[in-house]
Amino acid sequence: MAIKDFPIEEYVLPGNAACPGCPSTMGLRTVLKALGKKTILTIPACCTAVIQSWYPYTSFNVPTLNIAFEAAASAASGIAAALKKLGEEDINVVVWAGDGGTYDIGLQALSGAIERQTNFLYICYNNQIYSNTGIQRSGATPYAAWTTTTVKGKKEFRKDIGEIIIAHHVPYAATACVSYPEDLYNKVKKTMGIRGPKYIEILAPCPPGWRFSMDKTVEMGKLAVETGAWILYEYENGKLSFNGISKSIAEGKYKPKPVEDWLKLQGRFSHLFKPEKDIVRINAIKDHIRDTWEHYKKLASL
Amino acid sequence: MKKYNVKTGISYPKIGAMGKTGTWRIFKPILDKNKCIKCLRCWVFCPESAIKRRNDSVEIDYDYCKGCGVCANVCPVKAIVMAKEER
Ligand SMILES: Cc1ncc(C[n+]2csc(CCOP(=O)(O)OP(=O)(O)O)c2C)c(N)n1
Ligand code: SF4
Ligand code: SF4
Ligand code: SF4
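Keep in mind the model is a prediction, meaning the values are calculated, not measured.

Colleague: With reference to specific residues and values, describe the sheet that holds strand β3 (residues 64-67) of chain A.
Modeller: All names here are of chain A. In spatial order, the strands read β3-β1-β4-β5-β7-β6-β8-β9; together these eight strands make up an open sheet with mixed pairing. Looking at which strands have only one partner, the edges of the open sheet turn out to be β3 and β9 (239-242). Along the sheet, successive strands turn relative to each other by an average axial angle of 20 degrees, direction set aside. Both strand β8 (residues 233-236) and β9 contribute to a ladder of four bridges, which runs antiparallel. Bridged to Glu236 within β9 is Lys239. Packing against the sheet, helix α1 (residues 23-35) makes contact with β1 (39-44), β4 (92-98), β5 (121-126) and β7 (198-203), and its axis sits at approximately 170 degrees to β4.

In structure tokens:
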């Protein structure tokens, strides 16, 4: 869908509590334009629960249920069951949760909801940290990234949640990035025609969390894809396929930019460049990207 | 707006739920309509829904624009520039 054909309606209202340059509101605007007003959101504890703003007002113009950090997917299961009973199954049941709420604390609820074949769309906006509580590491934080709980850089590699979801044999799973709204819009739209549990994960570069200037949110997401550090794919009917620039990378038609181009612009990786270049850790990042690609290419060839 | 009688806290949608967030601005986006090619990139990427779209034309809502500069950065023809906010 071309940008000019996106609906004009705004479901994320101006005058909300998000930081300037926030990737969560940026992504959620496009997502809700695709879903439309017949949507019920479930939001666990995360930045977006704060972005909604203070009682008795909300900045979201669709019904939204706030729920405990670990319980978003279970709550959505309940909503879906209630709507079924009421015969109102044309309403989109959607979770919008952070990576902490998805990779870590909400994983059990998510796994259960998928196993129960809940008819819902689960979206993880992945800013690779627990940002709402002041930038702690999560299972999605990449190797070597600074957070307030990994002051010298994270020692572990990020969890591959995509594979965990795919292992549940979902009818649809995809990755996206706030920098490619047409792709995100199309993916959300596609889920609306599929019954059962659907999963989309959106890379959401967070200026205060990643330590970059608030005007660079879009560039930061684009560079993640152009360097191959973030892969855009869709998993549908048991087939995995790459999308956008990631497709061109997979086909050898686009040479990925050096990952340093992405790392250097983020303060969370600054210790990799000064006082001197940390070749060992930068190479470990490159190896991890290469291995991840090899693995996903293998999945795509199945 | 329809109000609901439920025994739990319920919030209702409001533009400016956190007040006039335009007061957060340090830099202000200035749009040159003559340069604008109506691509709508600024509109789709504004994290604040502070760019209003009328058909294919855009306008900045300074009551709520937080001055992040995303719009200026994504504009392919530099029709938006950031200038120091003066109050
Ligand atoms: C059980 C529980 N533990 C901790 C918290 C505190 N808490 C609220 S939001 C949050 C971080 C959420 O991180 P994430 O899901 O990644 O979303 P983000 O804040 O990055 O948007 C934490 C730790 C909580 N609300 N409930
Ligand atoms: S910390 Fe990041 S995700 Fe959270 S509101 Fe601010 S910009 Fe958005
Ligand atoms: S500066 Fe930021 S908030 Fe203001 S109009 Fe531009 S993108 Fe929107
Ligand atoms: S991004 Fe620039 S050219 Fe495109 S609509 Fe906005 S101001 Fe006009």
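That covers the picture; the talk isn't over yet.
Colleague: I'd love a proper account of the packing of aromatic side chains, names of residues and values included.
Modeller: Applying the stated criterion to the full structure yields 11 aromatic pairs over all chains. Aromatic side chains Trp96 of chain A and Tyr125 of chain A sit 5.2 Å apart centroid to centroid with 15 degrees between the ring planes, which places their arrangement in the stacked category. One end of the pair, Trp96 of chain A, is in strand β4; the other, Tyr125 of chain A, is in strand β5, with 29 residues separating them in the sequence. Both residues of the pair, Trp96 of chain A and Tyr125 of chain A, count as buried. Here the aromatic rings of Phe120 of chain A and Tyr122 of chain A are separated by 6.3 Å at their centres, their planes lie at 75 degrees, and the arrangement is edge-to-face. The exposure class assigned to Phe120 of chain A is buried, which follows from its relative accessible area of 1%. Taking the relative accessible area as the measure of exposure, Tyr122 of chain A reaches 1% and is therefore buried. Here the basic side chain of Lys28 of chain B rests over the ring of Tyr62 of chain B, its NZ or CZ set 4.6 Å away from the ring centre. Across the ring face of Phe27 of chain B, the terminal group of Lys84 of chain B is positioned such that the distance to the ring centre comes to 5.3 Å.

Colleague: Which residues make up the packing of helix α3 (residues 72-86) of chain A against helix α5 (residues 107-115) of chain A, and what are the values?
Modeller: Residue and element names in this part refer to chain A. Following both chains from N to C, one finds α3 and α5 inclined at 30 degrees, their axes separated by 7 Å at the closest point. The pairing of α3 with α5 is recorded here as roughly parallel in orientation. From α3, Ala73, Ser74 and Ser77 reach across to α5, where they touch Ala109, Leu110 and Ala113. For the contact of α3 with α5, the class distribution of residues is four nonpolar, two polar and no charged.

Colleague: Residues and numbers for the site of ligand 3, please.
Modeller: All names here are of chain B. Residues in contact with ligand 3 amount to 13 residues; listed here are only the nearest, Cys46, Cys65, Cys68, Gly69 and Cys71. Using a 2 Å cut-off from the grid points, one finds that ligand 3 occupies the second largest cavity. For the shell around ligand 3, the residue count by class is nine nonpolar, two polar and two charged.

Colleague: Mind laying out helix α12 (residues 279-300) of chain A, listing which residues take part and the relevant values?
Modeller: All names here are of chain A. Taking 1.5 Å per residue, 22 residues should reach 32 Å; α12 reaches 31 Å between its end C-alpha atoms and fits that length. Taken as a whole, α12 has its buried residues at Arg281, Ile282, Ala284, Ile285, Ile289, Thr292, Trp293, Tyr296 and Leu299. For α12, the elements touching its buried residues are α6 (161-166), β8, β9, α10 (244-250) and α11 (260-263).

Colleague: Hey, could you go over the interface of chain B and chain A for me, with residue numbers and the actual values?
Modeller: Facing 34 residues of chain B, the contacting portion of chain A comprises 39 residues. Looking only at chain B, the three residues that lose the most surface to chain A are Met18, Trp43 and Phe45 of chain B, adding up to 19% of its buried area. At the boundary of chain B with chain A, the tally comes to zero salt bridges. Across the chain B-chain A interface, the total number found is 22 residue pairs in polar contact (both at pLDDT 80 or more). Counting residues per element, the ones that place at least two in the side of chain B that touches chain A are β1 (12-13), α1 (41-45), β3 (51-54) and α2 (70-74) of chain B. No other element matches the four residues that α1 of chain B contributes to the side of chain B that touches chain A. Of the residues belonging to the side of chain B that touches chain A, the class tally is 18 nonpolar, nine polar and seven charged.

Colleague: Go over empty space enclosed by the protein, please, and point to the residues and values.
Modeller: Gaps left between atoms show up when a probe the size of a water molecule is rolled over them. Residue and element names in this part refer to chain A. Going through the model one piece at a time under the given rule, you end up with three cavities of 30 Å³ or more. What the largest cavity holds in volume is close to 210 Å³. Forming the boundary of the largest cavity are 18 residues, of which Pro142, Arg158, Ala229, His288 and Ile289 lie nearest the centre. For the lining of the largest cavity, the secondary structure elements donating two or more residues are α11 and α12. Residue classes in the lining of the largest cavity are distributed as 13 nonpolar, four polar and one charged. Estimates place the volume of the second largest cavity at around 120 Å³.

Colleague: I'd like a description of the pattern of salt bridges, backed by residues and values.
Modeller: Residues and elements named next belong to chain A. Counting across every chain of the model gives 26 salt bridges over all chains. Of the charged contacts in the structure, one is a salt bridge between Glu10 and Arg29, with a shortest N-O distance of 2.9 Å. Taken together, the positions of Glu10 in the segment before α1 and Arg29 in helix α1 put the pair 19 residues apart, joining distant regions of the chain. Residue Glu10 is classed as buried on the basis of its relative accessible area of 18%. With a relative accessible area of 2%, Arg29 lands in the buried category.

The rules we used
Numbering of residues starts from 1 in each chain and follows the order in which that chain's sequence is written. All chains are assigned letters beginning with A, and all ligands numbers beginning with 1, in the order in which they are written. It should be noted that, the model being predicted, local features are given only for residues of pLDDT at least 70 and side-chain atom pairs only at 80 or more, the latter also being counted only at that level, while totals for whole chains, interfaces and linings use all residues. To get the side-chain values, take all heavy atoms of the structure and skip hydrogens and water. Two strands pair if DSSP finds at least two bridges between them. Helical segments are the DSSP runs of H or I of at least four residues, strand segments are the runs of E of at least two, and each set is numbered from the N terminus. Note on method: axes are straight lines fitted to C-alpha atoms, helices fitted across the in-contact stretch only, with angles between N-to-C directions ranging 0 to 180 degrees. Note on definitions: a residue-residue contact is assigned when non-hydrogen atoms from the two residues lie within 4.5 Å. Any two rings among Phe, Tyr and Trp, with Trp reduced to its six-membered ring, count as a pair given centres within 6.5 Å; such a pair is stacked if its planes are under 30 degrees apart, edge-to-face if over 60, and tilted if neither. Residue exposure (1.4 Å probe, protein chains only): buried if accessible area is under 20% of the type maximum, exposed if over 50%, otherwise partly exposed. In our convention, an over-ring charge means Lys NZ or Arg CZ found within 6 Å of a ring centre and within 35 degrees of that ring's normal. Comment on the angle field: the value is read as roughly parallel under 35 degrees, roughly antiparallel over 145, roughly perpendicular from 65 to 115, and oblique elsewhere. Throughout this entry, Asp, Glu, Lys and Arg are counted as charged residues, while Ala, Val, Leu, Ile, Met, Phe, Trp, Tyr, Cys and Pro are counted as nonpolar. The remaining residues, Gly among them, count as polar. By convention in this text, a residue qualifies as near a molecule or strand provided that one of its non-hydrogen atoms is within 4 Å of it. Of the two site types, the cavity is a set of points on a 1 Å grid over the protein atoms alone where a 1.4 Å probe fits but cannot get out, and the pocket is an open set with protein on both sides within 12 Å along at least five of seven lines, each lined by residues with an atom within 4 Å of a point. Each molecule is assigned to a cavity or pocket provided more than half of its atoms lie within 2 Å of the corresponding grid points. Take the number of residues in a helix, subtract one, and multiply by 1.5 Å to get its expected span. Buried area: the accessible area, evaluated with a 1.4 Å probe, that two parts lose upon being put together, summed over both parts. The term salt bridge refers to a pairing of a side-chain nitrogen on Lys or Arg with a carboxyl oxygen on Asp or Glu at a separation within 4 Å. Within 3.5 Å is the distance limit for a polar contact, defined as a pair of N or O atoms, with the added protein rule that one can donate a hydrogen and the other accept it, and that residues adjacent in sequence qualify only through two side-chain atoms. Grid points are joined across faces, edges and corners, and a volume is the space filled by probe spheres set on the points.

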